Amino acid sequence: MRTPLPCLFGLLVALVVHTSEATAEVHKFTPTAGVPTFAVREPVLRLKPGDIVASHTFSKPGDYYERAGGPWPGEVGPFFIEGLTTGDTLVVKIIRVRPNRDTAVSAVVPNGISAVAGDNRTRILNEPLPARRYVWQLDRARNVGILDIPNSASKRIELPLRPMLGRVAVAPAGQEAWGGLWPGNFGGNMDTSDVREGATVYLPVFHDGGYFYFGDGHALQGDGEIVGSGLETTMDVTLQFDVIKGRTIAWPRIEDETHIMVAGSIRPLVDAFRIAQVELIQWLVDDYGFDKMDAYQVVSQAGTTRVANVVDPNYTIVAKFPKSALPPVVRRTP
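Quick caveat, the model's predicted, so the values are computed rather than measured.

1. Focus: the overall build of the protein chain
- On a plain count of helices and strands, the protein chain comes out with three helices and 21 strands.
- In terms of C-alpha radius of gyration, the protein chain reaches 20 Å, essentially the compact-globule figure of 20 Å for 334 residues.
- Taking the principal axes of the C-alpha coordinates as reference, the protein chain spans close to 60 × 45 × 40 Å.
- The burial tally for the protein chain puts 53% of its 334 residues in the buried class.
- Intrachain contacts of the protein chain at a sequence separation of at least 6 include 76% that bridge at least 24 residues.

In structure tokens:
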């Protein structure tokens, strides 16, 4: 099998990181509040390209993580990245995402969000499911989640953890302010398990400085997030920020060691699928020299698709293409 090739954005980021490492500053940031929306507001931190932020998701006594019915604590941000303009792409390298407490919560809320039961957006004839709050124990040394299920035959289940961030975002276009539950072209609550340690996220920029937010740590989440929550917990988070000058993208992109990916978020689900696939095809055309029809063909045969969430106000689909099938980058400059 061929060794996976880095994508163009990866090559550009590597160059930026190499040249900025000597001047990069590490910021230890402790959030004192969470915010409920993705929007332009006074930054809590100002950064330069190459800077690293060591922080954690926000929590407060009595919130969602600690008691049934507790309020959502909100997201961390915004961070303002100096020199980032609307003609650029924001690069966020996820260096570390690790649970920092020994429990995680997954709650079933009557008429809450669900992929398979009636919720507050899709009414069905069945009665709402009963409320139930599952509290998983996190064995951080073994990297497993443990749930006692006394009503089931096995009585207990252990699953390997795969920590992720459900929400990474920039401020949306214009004067828009989107609630933290929403995903869109600005990123937001995409709830895709590909946004994990070792991945790089690329976000479009709608305002100079970007106004970056993060939050919603999941110790584990299955595709679709069908119950309406992952294993919700607080996380230690380390991120590095960079800028690709003179390059714009329309929708969030993700890269890891094996794949390049595009996230599309909208309802109905088929339109989220279309957005993600079309943007992925265009990526192959722009950066790898594919004819559009040829890119359409090879994505159809070699691509894979993750249904990230089917519970949020917009659904999210992630279209993926293996790096092992990519030719050398043909577009190396903006």
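2. So, the sheet that holds strand S3 (residues 45–47)
- Read from one edge to the other, the open sheet built from six strands follows the order S3-S5-S16-S11-S14-S13, with strand pairing classed as mixed. In this open sheet, the two edge strands, each paired with only one partner strand, are S3 and strand S13 (183–184).
- Pairing analysis gives three bridges linking S3 to strand S5 (residues 76–81), with the strands arranged parallel. Residue pairing across strands places Arg-46 opposite Phe-80, the latter belonging to S5.

3. Details of the side chain of Asp-256
- Mapping Asp-256 onto the fold places it in the loop between strand S18 (253–255) and strand S19 (259–266).
- Asp-256 gets classed as buried once you look at its relative accessible area, which sits at 7%.
- Only 2.9 Å separates the side chain of Asp-256 from the backbone nitrogen of Thr-258, close enough to count as a polar contact.
- Ignoring any residue separated from it by four or fewer positions in sequence, one finds Asp-256 in contact with Arg-196, Met-261 and Lys-323.

4. Some thoughts on the sheet that holds strand S9 (residues 144–149)
- Spatially, S7-S8-S9-S10 is the arrangement adopted by the four strands of the open sheet, whose pairing is antiparallel. The open sheet terminates on both sides in strands that have one partner only, identified here as strand S7 (103–108) and strand S10 (155–160). Strand-to-strand twist in this sheet, taken as the mean axis angle between neighbours without regard to direction, amounts to 25°.
- Two elements, S7 and strand S8 (residues 132–139), share six bridges in a ladder whose sense is antiparallel. Bridge pairing links Val-105 to Val-135 in S8.

5. Side note on the packing of aromatic side chains
- As enumerated under the stated definition, the model contains 13 aromatic pairs in all.
- Look at Tyr-64 and Trp-72: their rings are 5.4 Å apart centre to centre, the planes differ by 70°, and that puts the pair in the edge-to-face class.
- Judged by centre distance (6.3 Å) and plane angle (40°), the ring pair of Phe-79 and Phe-212 falls under tilted. Of the two residues, Phe-79 sits in strand S5 while Phe-212 sits in strand S16 (residues 210–218), which places them 133 residues apart along the sequence.
- In textbook terms, an aromatic cluster arises when at least three aromatic residues are bridged by ring pairs, as seen for Phe-29, Phe-79, Phe-212, Phe-214 and Phe-241.
- The residue whose ring lies beneath Arg-253 is Trp-283, and the NZ or CZ to ring-centre distance is 4.2 Å.

6. A look at unusual backbone geometry
- Geometrically, the link from Gly-77 to Pro-78 is a cis peptide bond, its omega value of 5° lying close to zero.
- In this fold, Pro-78 is placed in strand S5.
- Here Arg-267 and Pro-268 are connected by a cis peptide whose omega angle stands at 0°.
- Within the secondary structure, Pro-268 is located in the loop between S19 and helix H2 (269–288).
- We note that Asn-143 has phi near 60°; this positive angle belongs to a residue other than glycine.

7. Regarding a nonpolar patch on the surface
- The grouping of Val-116, Ile-226 and Val-227 at the surface amounts to a nonpolar patch, some 260 Å² of accessible area in total.
- With respect to the helices and strands, Val-116 occurs in the loop between S7 and S8.
- Looking at Val-116, the relative accessible area reads 65%, which means it is exposed.

Procedures and definitions
- All residue numbers refer to positions counted from 1 along the written sequence of the respective chain.
- Owing to the predicted nature of the model, reporting of local features is limited to residues with pLDDT of at least 70; listing and counting of side-chain atom pairs is limited to 80 or more, with chain, interface and lining totals taken over all residues.
- Excluded from the side-chain calculations are hydrogens and water; all other atoms, namely the structure's heavy atoms, are used.
- Secondary structure elements are defined from DSSP: runs of H or I of at least 4 residues count as helices, runs of E of at least 2 residues count as strands, and each element is numbered from the N terminus.
- Only C-alpha atoms enter the radius of gyration, while the globule expectation follows 2.2 Å times N to the 0.38, with N the number of residues.
- Between buried and exposed lies partly exposed: a residue is buried under 20% and exposed over 50% of the maximum accessible area for its type, with that area taken using a 1.4 Å probe on protein chains only.
- It only takes one pair of heavy atoms within 4.5 Å for two residues to be counted as in contact.
- The rule for pairing is simple: two strands pair if DSSP sees at least two bridges between them.
- Contacts described as polar in this section are N or O atom pairs within 3.5 Å, which, within protein, must combine one atom able to donate a hydrogen with one able to accept it, while residues neighboring in sequence count only if both atoms come from side chains.
- With axes taken as lines fitted to C-alpha atoms, and helix axes fitted only over the stretch in contact, angles between N-to-C directions fall between 0 and 180 degrees.
- Ring pairs are drawn from Phe, Tyr and Trp, using the six-membered ring of Trp, whenever the two centres fall within 6.5 Å, and their geometry is named by plane angle: stacked under 30 degrees, edge-to-face over 60, tilted for the rest.
- A ring has a charge above it when a Lys NZ or an Arg CZ is no more than 6 Å from the ring centre and no more than 35 degrees off the ring normal.
- Patches in this entry comprise residues that are over 30% relatively accessible and not in a salt bridge; like charges within 9 Å are linked, as are nonpolar side chains (Val, Leu, Ile, Met, Phe, Trp, Tyr) within 5 Å.
- For accessible areas, the Shrake-Rupley method is used with a probe of radius 1.4 Å. Any residue's cover is judged against the shown protein chains and nothing else.
- We define a salt bridge as a contact between a side-chain nitrogen of Lys or Arg and a carboxyl oxygen of Asp or Glu at a distance within 4 Å.

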